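Coordinates in review
Below, each chain spelled out in residue letters.
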Amino acid sequence: MSNVTVCARFRPRSSKEFRDHNDGVCVRGIDAETFVFQDDKEDELTFSLDRVFYEESPQAAVYEFLALPIMRDAVNAINGTIITYGQTGAGKTYSMEGPGIQDCDEHNKGLLQRVVDGMFAQISSLQDIARYTVKLSMPSLSINEFISNSLRDLLDLSKGNIQIKETKTQGILLSGVTEVPVSDSAEALQHLCTGLANRAVGETQMNMSSSRSHCAYFLTIQQDSVKDKRVKTGKLILVDLAGSEKADKTGAEGRVLEEAKTINKSLSALGNVINALTSGSPSKASHIPYRDSKLTRVLQDALGGNSRMALLCCCSPSTSNASETLSTLRFGMRAKHIKASPRASEVKFAKSQEEPSSATKDEKCGRILEKMKERISNEDIKMLEEVFIHEGIISSLDSVEDVESAYEDIVSKTIQSLQQAIEELQLKVQKLETENKGIQEQALRNQEPGPVGKMSRFISSWYASFFTS
Ligand SMILES: Nc1ncnc2c1ncn2[C@@H]1O[C@H](COP(=O)(O)OP(=O)(O)OP(=O)(O)O)[C@@H](O)[C@H]1O
């Protein structure tokens, strides 16, 4: 099985699809993993994924296969990400939240409520082993021409634009995002409702309650071991992506059309990252364009990093949406080849036993970074910015925080490679010293005279003593 669990979910046909397209269906199920898809030209393609959920598949089945193992791991400090992807109106929000986050019965609950319920149930079964603290945050990448591509805080709308930072030890961080502590499912649900009420909603002809933003739910689960004060943290991210759509098909105009373009652009950036992660030889470190969009930057750790990932490809079964469904499925097939390396988070100790070494190393790097910043000239800065753009590290200089974090990224990588070069040089020096010693010893041995030499040395010393005496 791949590092990424990829499933497809076909929703029931909408009344519009029934009405307009004469019952046409582009998918025929074979079994729980395989189905046959009929494209626009009526060619048949067979797809095999980790699991396929057909229209009658209950929400519980999706949760149990796709999300439960990742939730369990997150409670054990292994980061996980669950993403719903697909065309607008394909069932992403239904899968994530059910028909409504608050007022839905047990049967209809989405992944979000089930993950929260399951997580608190697991935590309560582990009370004797560890004390758990759970925090929730809800950043939303709003696709709105007025708040252009900004990362908003759905739990505190007064926070304008959340900055994305990257640290060596914690990876991607959303600086200043509101993190509310939640102690049970009811409390978490209450905050989720507040956040979702703040989520931007636009309208298109395609789907009257289409969500025009990528929304992420971050659950940070910290465990303090009762026995030995060890602290471990797992991060669980659920992402409900905005839907891709063909503008001509939805009839979107003006602001909604601009939003659709921005959404498609950020989803293409996601596709480009996945393509870069899955193509080329693994030994050749290729450039992954995480910085091309805020979406890919926020998901950087989840994509090919230290995180387990599950992708739910939400699809319409209608022939009228066959081309969109095919592109969703192709995206899923591509994502299956991502190689992630999930591992448990680093263990830290509660303050009294904190290990000083790693903090000191980071502080040292920070000091070096500051010194380098002071010394760098304006001309060098301009040149670096040109290189950043040329190399695709940033797409424009408009985003100050992108440029800043590109500098930090590059400088910290440079420091790392310089440190590595120093270590390599030290090894070389050691080796040369050993070789040198060997050569000197050999030279000494070579100076040792043989029998003829000994005789001539004796004669010359005898001769000298004879004439001087
Ligand atoms: N598995 C399902 N069972 C029953 N109804 C579903 C299912 N999936 C989706 N629906 C219904 O289809 C409609 C569109 O679904 P949803 O809003 O989840 O789409 P979406 O992919 O989130 O769209 P957007 O990207 O535009 O937000 C909704 O009315 C939803 O209730």
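The rules behind these values
Residues numbered from 1 in each chain as written. Predicted model: local features only at pLDDT ≥ 70, side-chain atom pairs only at ≥ 80, totals over all residues. Heavy atoms only, no water. UniProt positions renumbered as here; feature names shortened; annotations may be inferred. Pairing = 2+ DSSP bridges. Helix = DSSP H or I, 4+ residues; strand = E, 2+ residues; numbered from the N terminus. Axes fitted to C-alpha atoms, helices over the stretch in contact; angles between N-to-C directions. Contact = heavy atoms within 4.5 Å. Core = buried A, V, L, I, M, F, W, Y, C linked by side-chain atoms within 4.5 Å. Buried < 20%, exposed > 50% of the residue type's maximum accessible area, 1.4 Å probe, protein only. Salt bridge = Lys/Arg side-chain N within 4 Å of Asp/Glu carboxyl O. Lys, Arg positive; Asp, Glu negative; His and termini not counted. Polar contact = N/O pair within 3.5 Å; in protein donor to acceptor, adjacent residues only side chain to side chain. Expected span 1.5 Å × (residues − 1). Arc of directions from axis to C-beta. pLDDT = per-residue confidence, 0-100.

The name that an unreviewed UniProt entry assigns to the protein chain is Kinesin-like protein, with the source organism given as Capsella rubella. According to the UniProt record, the Sequence similarities (unreviewed entry) comment for the protein chain reads "Belongs to the TRAFAC class myosin-kinesin ATPase superfamily. Kinesin family. KIN-1 subfamily."

Across a sheet, paired strands are connected by hydrogen bonds in the backbone, their directions being either parallel or antiparallel. The strand order across the open sheet built from three strands is 2-3-4, with neighbouring strands paired in antiparallel fashion. The sheet is open, and its two borders are formed by strand 2 (27-29) and strand 4 (44-48), each paired with just one other strand. For this sheet the average axis-to-axis angle between neighbouring strands, irrespective of direction, equals 25°. Bridging between strand 3 (residues 34-38) and strand 4 involves five bridges; their strand directions are antiparallel. Counterpart to Phe37 in the pairing with strand 4 is Leu45. Along the sheet face, helix 9 (residues 322-335) touches strand 3 and strand 4 and points at about 140° away from the line of strand 3.

Counting 49 residues, the largest nonpolar core has Phe35 and Leu303 as its most contacted members. For this core, the element with the most residues is helix 7 (residues 254-278), which contributes six residues. By size, the runner-up hydrophobic cluster in this structure holds 45 residues, among which are Phe53, Ile82, Met119 and Val182.

With four of five residues buried, strand 3 lies mostly within the body of the structure. Relative to strand 3, strand 2 runs antiparallel, the two being bridged by three bridges. The residue of strand 3 that forms the bridge with Val27 is Phe37. Taking the residues between adjacent antiparallel strands as the criterion, strand 2 and strand 3 are bridged by four residues. Hairpin connection of strand 3 to strand 4: five residues between the antiparallel strands, including Glu42 at a positive phi of 65°.

Attention now goes to the pattern of salt bridges. Oppositely charged side chains can pair when the atoms bearing their charge come close. Taken as a whole, this structure holds nine salt bridges when the rule is applied. Asp73 is paired through a salt bridge with Arg308; the nearest N and O atoms lie 2.8 Å apart. In this pair, Asp73 is assigned in helix 2 (residues 59-75) and Arg308 in strand 15 (residues 308-315), connecting sequence segments 235 residues apart. Given the relative accessible area of 22%, Arg308 is considered partly exposed.

Here we come to the side chain of Arg152. The residue Arg152 is located in strand 9 (residues 151-153) in this model. For the buried Arg152, no salt bridge is present, and the opposite-charge side chain at shortest range is Asp153, 9.2 Å distant. For Arg152, the side chain forms a polar contact with the main-chain oxygen of Asn198, separated by 3.4 Å.

To continue, consider helix 5 (residues 185-197). An α-helical segment advances 3.6 residues per turn. Residues three or four places apart therefore align on the same side. For helix 5, with 13 residues, the first-to-last C-alpha span of 18 Å sits near the 18 Å given by 1.5 Å per residue. Inspection of helix 5 places Ala188, Leu192, Cys193, Gly195 and Leu196 among the buried residues, and these make up the whole buried set. Along the axis of helix 5, the buried residues cluster in a sector spanning 165°; they form a single face. Exposed side of helix 5, more than 90 degrees from the buried face: Ala186, Gln190 and Ala197 are the residues found there. Summarising the contacts, the buried residues of helix 5 are in contact with helix 3 (92-97), helix 4 (111-125), strand 7 (130-137), strand 12 (180-182) and strand 13 (213-225).

In the numbering used here, UniProt assigns the feature "binding site: ATP" (unreviewed entry) to Gly86, Gln87, Thr88, Gly89, Ala90, Gly91, Lys92 and Thr93. Inspection of the secondary structure assignment puts Gln87 in the loop between strand 6 (80-86) and helix 3. Tracing the backbone shows Thr93 in helix 3. Residue classification places Thr93 among the partly exposed residues on the basis of a relative accessible area of 27%.

This part takes up the environment of Arg11. Topologically, Arg11 is positioned in the loop between strand 1 (4-10) and helix 1 (15-20). Look at Arg11 and you get buried, because its relative accessible area is 18%. Sequence separation between Arg11 and Gly89 is 78 residues, and the spatial gap between their C-alpha atoms is 9.5 Å. Excluding its chain neighbours within four sequence positions, the residues that come into contact with Arg11 are Glu17, Glu55, Gly89, Ala90, Cys315, Ser316, Pro317 and Asn321. In terms of polar contacts, Arg11 uses its side chain to reach the backbone carbonyl oxygen of Gly89, at 2.7 Å.

Residue-level pLDDT values for the protein chain average 79, and 67% of them are 70 or greater. When the criterion is pLDDT under 50, residues 201-210 qualifies, and its contacts beyond four places in sequence or with other chains add up to 20 contacts. The model gives residues 352-359 a pLDDT under 50, and that stretch makes six contacts with residues more than four places away or in other chains.

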